[in-house]
Amino acid sequence: MKLVLAAFLQWVLFEGLLRESVCTEWTVQLPETISAVEESCVVIPCTFTYPKGVEASITAVWYMSRSIFQSLVVYNGEDPLKVDARFLGRAFLIGNLTSGDCALKIDKVKTTDGQRYYISFHAKGQKFRFQDQKVTLSVSKTPEKPRITNPGLLTERQPVTVNCTTEYTCPSNPPTVDWGGVNGTVILQYTAKQQVAWAVTSSITFTPSYRDSQIQCQVKYPGRNNVTEHRPIHVKYAPKDTEILVWTRNIKEGSSVSMSCSSKGDPPISRYSWFLVQGGQEVDLEQHTEKVRVPNVTRGVQFYCTAENKIGQTQSPRKSLNVEYKPDITGESKCTFSPGEMVCHCLVNSNPPAQIKWIVNSSAQDFNLSTWSSGEWVTSVLTGALQVQTNVSCTAFNKHGETVYVLPFHVKESLLWMIVPAVGGLACLLFILLIAITVFCCRKRRGRHFIHQPRMYSLCDTSIYQESSPLYMNCTEANPIYTNGSYQILYENCTPSFVRTQQHRAAWRRREVREDNGSATECPVYLEVL
């Protein structure tokens, strides 16, 4: 036993002396520790230096040190099959030895891989083992949580950028980063961290909403290893969900109503305003409290409010009140009468809808009745046989009162169109008949005598002025002539008789006396102008 121990100590001393003498130009750099996630991969960074002239023959062997006396071959550059079965097909040298890179990659990391590792170089039949320079690999089942930057106090509708960073040890298969809680534009950035690990930073730019309460960053590693980090966010916003709440029930026209303006905002609401709308006109109530009481409300009135804080102002939708009032019978209500039939319409506006009662000749009659309603309007139609017009009244009532209206009568238009042409035709016929009788009488009178205005007469070559009205008798009617747009009747062979007379006629006559040049006989000719 003593001989074995002595031999072992001599071997250790010889190995150390040999290494001290030979390794003066061989160096290696390894990190002290490195982390990995189970089922992921890990890359152990490694760099080394070597003497000139041996680069073509360099091979590397990686070991996992389980104890001082036991090491397992993880990777063998001389014979890839001479490795421990637990690392067969999982460990690879990814560095270029001629460039001084001796990095080792282990896939599908297991928790049992969490040990200390070292490297040995073989060149020209010599071995250079760096057993005293080891890297410790730690394997965790759960990855470390990512880090989310603090965005501070946010304001709605103002874009902001938030970063989420996580580290990993497998650059060939980095983790993915997903965001939750907000929607925006994402940018990824990969960086190396001191040649020991790598980092991925995901930046999201989004526009905050008042509904946002937190932001999430989820990192997904290979092998279904996920980890999520949450960070609450505080978003300031202008007033939201502004609306009017009515607290008064059974509002009657002319009474008062209590209302409040409901709204939420951050910071809280600092000012309210109230407005009334009726008939297209807006009125500022000049009240700036959350709750108000408005007197003397009427039908058709609407209200809206505004809420304001340091961020902004919003307006509520218009609020229509359910104002109750007694029935109002419109002027469009009427009765239409035709021989043997009567149709009456009663149009009522009320809230709540009215009930309608008909009275004919101051008593209830047996007529056909139909009633329908639409919202606050009720229409009732009364029909029945009736020979003569009579008094018809419509009574509408609800819990707020009643209204009585005597309906006016209108003759049915179809009858008017029959009566008016008949009367018009009869009138035209009578007028034509009257004209015919008048013309006949006038013509009959003209055959008896003629009365003329005093004027100058021409008798042969002598001009005579006659102041009295001559009466001509025994005239013979000659052929009429057409001049100046009218017919003129000629009379000849008349015997004048000059008398004074007070008679006046509507028809005047003009007398002309003509004389033939070849005869001295007087031939008076008289012209009647019609």
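Given the structure is predicted, the values throughout are model-derived calculations rather than measurements.

The rules behind each value
Residues numbered from 1 in each chain as written. Predicted model: local features only at pLDDT ≥ 70, side-chain atom pairs only at ≥ 80, totals over all residues. Heavy atoms only, no water. Helix = DSSP H or I, 4+ residues; strand = E, 2+ residues; numbered from the N terminus. Buried < 20%, exposed > 50% of the residue type's maximum accessible area, 1.4 Å probe, protein only. Contact = heavy atoms within 4.5 Å. Areas by Shrake-Rupley, 256 points an atom, 1.4 Å probe, with all protein chains shown as cover. Pairing = 2+ DSSP bridges. Axes fitted to C-alpha atoms, helices over the stretch in contact; angles between N-to-C directions. Salt bridge = Lys/Arg side-chain N within 4 Å of Asp/Glu carboxyl O. Patch = residues over 30% accessible without salt bridge, like charges linked within 9 Å, V, L, I, M, F, W, Y side chains within 5 Å. Polar contact = N/O pair within 3.5 Å; in protein donor to acceptor, adjacent residues only side chain to side chain. pLDDT = per-residue confidence, 0-100. Phe/Tyr/Trp six-rings, centres within 6.5 Å; stacked < 30°, edge-to-face > 60°. Disulfide = S-S within 2.5 Å.

A. Local environment of the overall build of the protein. Looking only at helices and strands, the protein has 2 helices and 46 strands in total. The buried share of the protein, reckoned over its 530 residues, is 37%. Here the contacts in the protein between residues at least 6 apart in sequence split such that 60% fall between residues at least 24 apart. In the form shown here, the protein has an accessible surface area of approximately 32,300 Å², with 53% of it arising from carbon and sulfur atoms.

B. Fine view of the sheet that holds strand β22 (residues 257-266). If you walk across this open sheet you meet the 4 strands as β13-β20-β22-β25, and the pairing is mixed. One side of each edge strand has no neighbouring strand; the edge strands of this open sheet are β13 (153-155) and β25 (291-294). On average, each strand axis in the sheet is inclined to that of its neighbour by 30 degrees, with strand direction left out of account. Of the pairings in the sheet, the one linking strand β20 (residues 234-246) to β22 comprises 6 bridges and is antiparallel in character. Across the sheet, Leu245 pairs through a bridge with Ser260, a residue of β22.

C. Up close: the sheet that holds strand β3 (residues 42-44). Read from one edge of the open sheet, 3 strands run β3-β8-β7, paired in antiparallel fashion. For this open sheet the edge positions go to β3 and β7 (91-93), each flanked by a neighbour on one side alone. The sheet shows a mean angle of 20 degrees between the axes of neighbouring strands, direction not considered.

D. Spatial organisation of the pattern of salt bridges. Going through the model one piece at a time under the given rule, you end up with 11 salt bridges. As a salt-bridge pair, Arg90 and Asp113 come within 3.0 Å of each other at their nearest N and O atoms. Linking Arg90 in the loop between β6 (71-76) and β7 with Asp113 in the loop between β8 (104-106) and β9 (116-123), this pair joins segments that are 23 residues apart in sequence. On the basis of relative accessibility, which here comes to 9%, the residue Arg90 falls in the buried class. Given a relative accessible area of 2%, Asp113 falls into the buried group. For the salt bridge of Glu324 with Lys399, the shortest nitrogen-to-oxygen distance reads 3.2 Å. Of this pair, Glu324 sits in strand β29 (residues 323-329) while Lys399 is found in the loop between β35 (392-398) and β36 (401-406), placing the two residues 75 residues apart along the sequence. When its relative accessible area of 58% is taken as the criterion, Lys399 is described as exposed.

E. Region of interest: a nonpolar patch on the surface. On the surface, Val186, Leu188 and Tyr190 cluster together into a nonpolar patch covering about 270 Å² of accessible area. Position of Leu188 relative to the elements: it lies in strand β16 (residues 184-193).

F. The side chain of Ser380, seen in detail. Counting through the fold element by element, Ser380 comes out in strand β34 (residues 377-384). Only 3.2 Å separates the side chain of Ser380 from the side chain of Thr371, close enough to count as a polar contact. Here Ser380 is in contact with Cys344, His345, Cys346, Ile356, Trp358, Leu369, Ser370 and Thr371, once residues within four sequence places are set aside.

G. Geometry of the confidence of the model for the protein. Confidence in the prediction of the protein, expressed as mean pLDDT, is 80, and 74% of residues score 70 or more. Mean pLDDT across the secondary structure elements of the protein bottoms out at strand β39 (residues 462-465), with 36, and peaks at strand β26 (residues 302-308), with 97. Of the regions scoring below 50 in pLDDT, residues 1-24 engages in 8 contacts with residues more than four places distant in sequence or in other chains. In this model, residues 498-530 is a region of pLDDT below 50 whose contacts with residues beyond four sequence positions or in other chains number 81 contacts.

H. Main features of the packing of aromatic side chains. Applying the stated criterion across every chain yields a total of 11 aromatic pairs. On the numbers, 4.5 Å between centres and 15 degrees between planes, the contact of Trp26 with Phe128 is stacked. Residue Trp26 is found in the loop between α1 (2-22) and β1 (27-29), and its partner Phe128 is found in strand β10 (residues 126-129); the two are separated by 102 residues along the sequence. One exposure class covers both Trp26 and Phe128, and it is buried.

I. Broad picture of the pairing of strand β33 (residues 368-374). As defined by bridge partners, β33 adjoins β34 across 7 bridges and the pair is classed as antiparallel. In the sheet register, Ser370 faces β34, and the bridge partner there is Val381. Counting the residues between successive antiparallel strands, the hairpin from β33 to β34 contains 2 residues, one of them, Gly375, with a positive phi of roughly 65 degrees.

J. Representation of the state of the cysteines in the model. Inspection of the entire model under this criterion finds 6 disulfides. Paired by a disulfide, Cys41 and Cys170 hold their sulfur atoms 1.2 Å apart. Where Cys41 bonds to Cys170 through sulfur, the torsion about that S-S bond is close to -110 degrees, and the disulfide is left-handed. Of the two residues, Cys41 sits in the loop between β2 (33-37) and β3 while Cys170 sits in the loop between β14 (160-168) and β15 (176-180), which places them 129 residues apart along the sequence. Here the two residues Cys41 and Cys170 agree in accessibility, since each one is buried. Cys164 shares a disulfide with Cys217; S-S distance 1.8 Å. What sets the handedness of the Cys164 and Cys217 disulfide is the S-S torsion sign, and at about -85 degrees it is left-handed. Note that Cys164 is positioned in strand β14 and Cys217 in strand β18 (residues 214-221), a separation of 53 residues in sequence. Residue Cys164 shares its accessibility class with Cys217, and that shared class is buried.

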